2 protein chains.
Amino acid sequence: MQHWYVVVSVLVIAVLVANYVQLQHRLHRCLHETVPRRDQRNLSVAVLVKEQGSSVWCRGSDHTSRLCRFTNLCYLPQHDAFTFFHHPKGTVIRGVPIDRFDPALLDMSTVANHSGQYFNYADVLAMTAEQLLGASTRLVGGTSLIFRRFHPDNLMHVLHDDLLPLYDTLRMITRRGDADRTTYDVQLVMSGGREPGEFQRLYDMFSTHKPIYLSPLHGTAICFADAYVGLSKDTRWYDYGFHKTQGPIKGHEVTAEHVRPAAEFLKIRLDVVALGDKEAVILSRRHNRLIVNEAELSVELAAMLNVRVRTLSLEETSLEEIIGRLSRAAVVVGMHGSLLALAVFLPPGAVLVELFPYAVNPDHYTPYRTLVNLPGMAVTYRAWRNMDPTRNIAHPSAPPELGGISHLDPDEQDRILHSPEVPLHLCCSDPEWLFRIYQDTVVDIPAVLALTRDAVDQRHVFPSRSQPQLFPTEVRQLVCDQSDEAGLSVSWAPPWNVDFLPATYLKYEVWIQEDGSDDYTAWILFRTSHRFVEGLKSNTPYLIWVRCLTTDEMPGPFNKAALRCRTKQFDTQS
Amino acid sequence: MQHWYVVVSVLVIAVLVANYVQLQHRLHRCLHETVPRRDQRNLSVAVLVKEQGSSVWCRGSDHTSRLCRFTNLCYLPQHDAFTFFHHPKGTVIRGVPIDRFDPALLDMSTVANHSGQYFNYADVLAMTAEQLLGASTRLVGGTSLIFRRFHPDNLMHVLHDDLLPLYDTLRMITRRGDADRTTYDVQLVMSGGREPGEFQRLYDMFSTHKPIYLSPLHGTAICFADAYVGLSKDTRWYDYGFHKTQGPIKGHEVTAEHVRPAAEFLKIRLDVVALGDKEAVILSRRHNRLIVNEAELSVELAAMLNVRVRTLSLEETSLEEIIGRLSRAAVVVGMHGSLLALAVFLPPGAVLVELFPYAVNPDHYTPYRTLVNLPGMAVTYRAWRNMDPTRNIAHPSAPPELGGISHLDPDEQDRILHSPEVPLHLCCSDPEWLFRIYQDTVVDIPAVLALTRDAVDQRHVFPSRSQPQLFPTEVRQLVCDQSDEAGLSVSWAPPWNVDFLPATYLKYEVWIQEDGSDDYTAWILFRTSHRFVEGLKSNTPYLIWVRCLTTDEMPGPFNKAALRCRTKQFDTQS
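The rules we used
Per chain, residues are indexed from 1 in the order of the written sequence. Chains and ligands are labelled by the order in which they are written, letters from A for the one and numbers from 1 for the other. In keeping with the model being predicted, local features are shown solely for residues with a pLDDT of at least 70 and side-chain atom pairs are shown and tallied solely at 80 or more, while totals for entire chains, interfaces and linings include all residues. Hydrogen atoms and water are omitted, and side-chain values are computed over all heavy atoms in the structure. What makes two residues a contact is simply this: any of their non-hydrogen atoms within 4.5 Å. What counts as buried area is the accessible surface, traced by a 1.4 Å probe, that two parts surrender upon association, with contributions from both included. Salt bridges, as used here, are contacts in which a Lys or Arg side-chain nitrogen is within 4 Å of a carboxyl oxygen on Asp or Glu. Under the rule applied, a polar contact is a pair of N or O atoms within 3.5 Å (in protein, one hydrogen donor and one hydrogen acceptor; residues adjacent in sequence only if both atoms are side-chain atoms). By the criteria applied, helices consist of DSSP H or I runs no shorter than four residues and strands consist of E runs no shorter than two, each listed in order from the N terminus. Gly is placed with the polar residues, together with every amino acid not listed as nonpolar (Ala, Val, Leu, Ile, Met, Phe, Trp, Tyr, Cys and Pro) or charged (Asp, Glu, Lys and Arg). Note on classification: 1.4 Å probe, protein chains only; a residue is buried when its accessible area is under 20% of the maximum for its type, exposed when over 50%, partly exposed between these limits. Only when DSSP finds a minimum of two bridges between them are two strands counted as paired. A least-squares superposition brings the copies together, and it is based on the C-alpha atoms of residues with pLDDT no lower than 70 in both. Lines are fitted to the C-alpha atoms to define the axes, a helix being fitted only along its stretch in contact, and any angle between axes, read from their N-to-C directions, falls within 0 to 180 degrees.

Engineer: Please give an account of the interface of chain B and chain A that cites residues and values.
Structural biologist: Between chain B and chain A, the contact holds 78 residues from the first and 78 residues from the second. Counting the surface lost from both chain B and chain A, the interface buries some 6900 Å², and carbon and sulfur atoms represent 64% of this. Its largest share of buried area at the contact with chain A, chain B owes to B:Arg175, B:Trp496 and B:Phe500, together 11% of the area lost on that side. On inspection of chain B and its partner chain A, the count reaches four salt bridges. For B:Arg175, the salt bridge is made with A:Asp226, and the minimal N-O distance between the two is 3.4 Å. Seen at the junction of chain B and chain A, the total is 14 residue pairs in polar contact (both at pLDDT 80 or more). Going through the elements one at a time, helix 1 (2-32), strand 1 (55-59), strand 2 (67-76), strand 3 (81-86), strand 4 (93-94), strand 7 (121-125), helix 3 (129-132) and helix 4 (155-174) of chain B are the ones with two or more residues in the side of chain B that touches chain A. Here the residues of the side of chain B that touches chain A are counted per class, giving 37 nonpolar, 19 polar and 22 charged.

Laid out in structure tokens, this is it:
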């Protein structure tokens, strides 16, 4: 009997262990892999695509506002083409316009309508998939986000064109607000063939997966089971001036809410340690566009503000340390340049002083001014420009991309040298602009200090952090009192949700219109009832609408159905 | 030692079993529940909403085209209000316009701009969640789809306004094409307070979950972790005439591809068995709008077509059987009415003959004509109208909603009785329209048979099933031949993808523009090279663009960068 027991117990344990291991495997697959289960039949990618085809759902009225989500979109490096496999039954296409080549289906970077950054796909029949997708084709399961970095070696472009839009798009894809800052389980796919750049680790912070870089003529075909293409443009505030003079994007609705959550996310993911406490920071350039008297500026600034002044440059300090100091800084000073994009990390209450070299008008170059002036940023901005050519050091013999003009016609060189201000121009290589912006400057320290002092003193007038607008709903129990009194006695109850909004004074707007007429009278009240007499006729039907407004002037909706009341016969004596 | 072994083995087995059970439980949760794991800390719904807040992402330029996706949206029956909980850090709002009450955030049914069907939400602060959400608040995890059925007791409205849009929207949400017809794991939520209707089982077919019906003043609060609100309008072809006379939706792009996949899905889910083979079906009404001589029509139709004729009504036959017979029918005849919406189930090659009572003009009432005439439906349509008042049976004393006119002014009754055709009118209760459409008809059988015969004979002229448009991409290797010959010798290779499209003749369109001029000449070629001479000048730079067209006239894109070539000096002798 003992033998029997041993044998049985060993068998039972063996079976339990085997089942446990298998279950563990299934659980791991469920938690971590999102390729549809049928694909675990070991189909080749080509057969899967042949059987299912590609599908696409797009939303957006034109290519600059359109975003699309694809199923089974494949990139073929041998043709540098995103390829869409049409299956007679499996393919669904929604929201793709008939003129998708005029000029494109959508913008693949966030710079609107840039002809070098368009996205489109090539049509093929799904039945040809095995001819196009070799045995080594890779299938990326889960959700991917395919986009194009605009200019990945320039920090302003990285933040403004790529990272802030990336965060906004990832939140939309995963529907995660700020409360949960863990990395997104979305595969980032960089299109466009450019290598990872100097700031690549910033992109890496957004995903649990290492990014995929698509490159023409390089590597094997790659198919994406579920790919969003394109990024949200909602966070962009600046137009670089490809089609018209650079400046803030007309009608943009960007606020600090589009900027700071992404900045906070980056700080957490980069493990940035906040450094210093209300220090001043000079953002310094080491190679060109120098502040010649930077050391002296630093000393004088420290003396005036009575704080530590840190002079930080990317060449000598890590990005994480710069961000860490900016996140607690009271004052930042720097030449116009991409470093100032790090103002996204400034805390509310900070001051930014931007310096411009000779002949450059600060009102024409406002990416950083616009940024810190966004509603809710609560950063005070001042600009200083060098008006004194004797404190200016130009470099006419530099290479053209660093502002040299010696390659131009002598007449043109002469014109530029005598021009007191760079005229308006388009992006990006206007020689006069490059010549002037790469000049070095001996800054007028007293003037800069005065600006800084003034900005610091002005700080307390900022409104509180911008809040989203909260509206009352409709008023309730809107009725006429059908008593014998003359006039219209109207009463109502406040909207139900005002008890659950920030405390505010309520007022009510009442519209009264004679039934059948187009004219109406409008009244503002602070009470929830009133007897209207003025201007009303006896024995006449009137239509009444009421809406609630908060002291922020946020109007709620009127009652959907007009309240219809009839006035009684008035006494002929007053 | 035996005791020791027994004890140990029992313990080991017990531990294994316990772990196995727990693992099984986790696997089940992973497979079936999608509430974020943190919620399994046993938080109350109110606390979860208080801590996270609601979020919303909308896309669409106005309320008739907008669709939104909410996180933590709650319905409060005591206020009949969808409620949005604003959290200072957790809430994200994108795509919500400032004027979301003018008139609404979006349409909750698919009928555009119907003021009884608008969707909006009420703002409250997330910190008040525990005051508004009681202990019995329900949390719906996973993905939900909240919408409003427009008129759930009328089969045309059910199919056109609800079910086809539902299928389109579910495919978009889940990104499933036709290849996989299993039910969607999306929770359907019916807003608007109406009870499940006669056709409710059709809605039930779309989801693994039983639908939730939201009803004001009824039940407890309910919060949705992830809710889409609104349905796609892409499948709608008919405007019912609330704002202007009814008719096809102007500019609609609906094809059989928006209709038949949904119909196929329903047939599978309803377990419809295809019945009959190329039979004729008379769709019959039993209570009003009768075909008085229906039996005779049936006999004559059978004799003429030499097929079985089935007379089917919803009152006497199951919907599944009717669908089953329609799916194989060759000919369908019926009075204008919601039953004809079942034409979505007709196979290509079928014939639909629609009958109209006296004084009703078929050109003014075309939901079914438009449906079967959609590109790709391949159904032949004919309309017959009763021109003979002696073969007409009117019911002036019926209740008003069934066309009675005895409640109207005698003058108005008289006018209607003598009116030879219902004038154009708006939806939905025009008394003259109701009076006429509810008349019974002794149909002119020879005329109907002649129409039917003609339609059956005409069937073969239909084009094949509408295909999505497939485009060639850019031509490749576009170059000028820089030889000494006069003119421009241009050559290129075909686009790479044409080998993977249906066989077609290719042609090429070439645009030649003198560099610096606005004029250009255009050429069509069937070859991939040509020497252009006519109209060109010597020693002049030209810009060249080439695009490929298929015989369907589908033009691919031009080359992005113009090809720039200079003509040589031509000989002065010809």
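Engineer: Break down the pairing of strand 16 (residues 331-335) of chain B for me, citing the residues and quoting the values.
Structural biologist: Residues and elements named next belong to chain B. Burial of strand 16 is extensive: five of the five residues sit out of reach of the surface. Of the two faces of strand 16, both are covered, the one formed by Val-331, Val-333 and Met-335 as well as the one formed by Val-332 and Gly-334. Here strand 14 (residues 280-283) pairs with strand 16 via four bridges, running parallel. Directly across from Leu-283, in strand 16, lies its bridge partner Gly-334.

Engineer: Account for the relation of the copies chain B and chain A, naming residues and giving values.
Structural biologist: Overlaying chain B on chain A yields an RMSD of 0.2 Å, the required transformation being a rotation through 180° with an accompanying axial translation of 0.0 Å. The two molecules are tied by a two-fold rotation axis, judged by turn and shift. When C-alpha positions in chain B are compared against the rotation axis, the closest is assigned to B:Leu27, at 2.6 Å. Both copies present the same face, since 99% of the interface residues in chain B are matched by interface residues at the equivalent positions in chain A.

Engineer: Tell me what's going on with the sheet that holds strand 14 (residues 280-283) of chain A, and back it up with residues and numbers.
Structural biologist: All names here are of chain A. What the five strands build is an open sheet, ordered 15-14-16-17-18; its pairing is parallel. Unpaired on one side and paired on the other, strand 15 (309-312) and strand 18 (380-385) mark the two borders of the sheet. Direction aside, neighbouring strands of the sheet carry axes that sit 15° apart on average. Those strands touched by helix 12 (residues 445-458) are strand 16 (331-335), strand 17 (351-356) and strand 18, and its axis lies near 165° from that of strand 18.

By themselves these figures say nothing about function.
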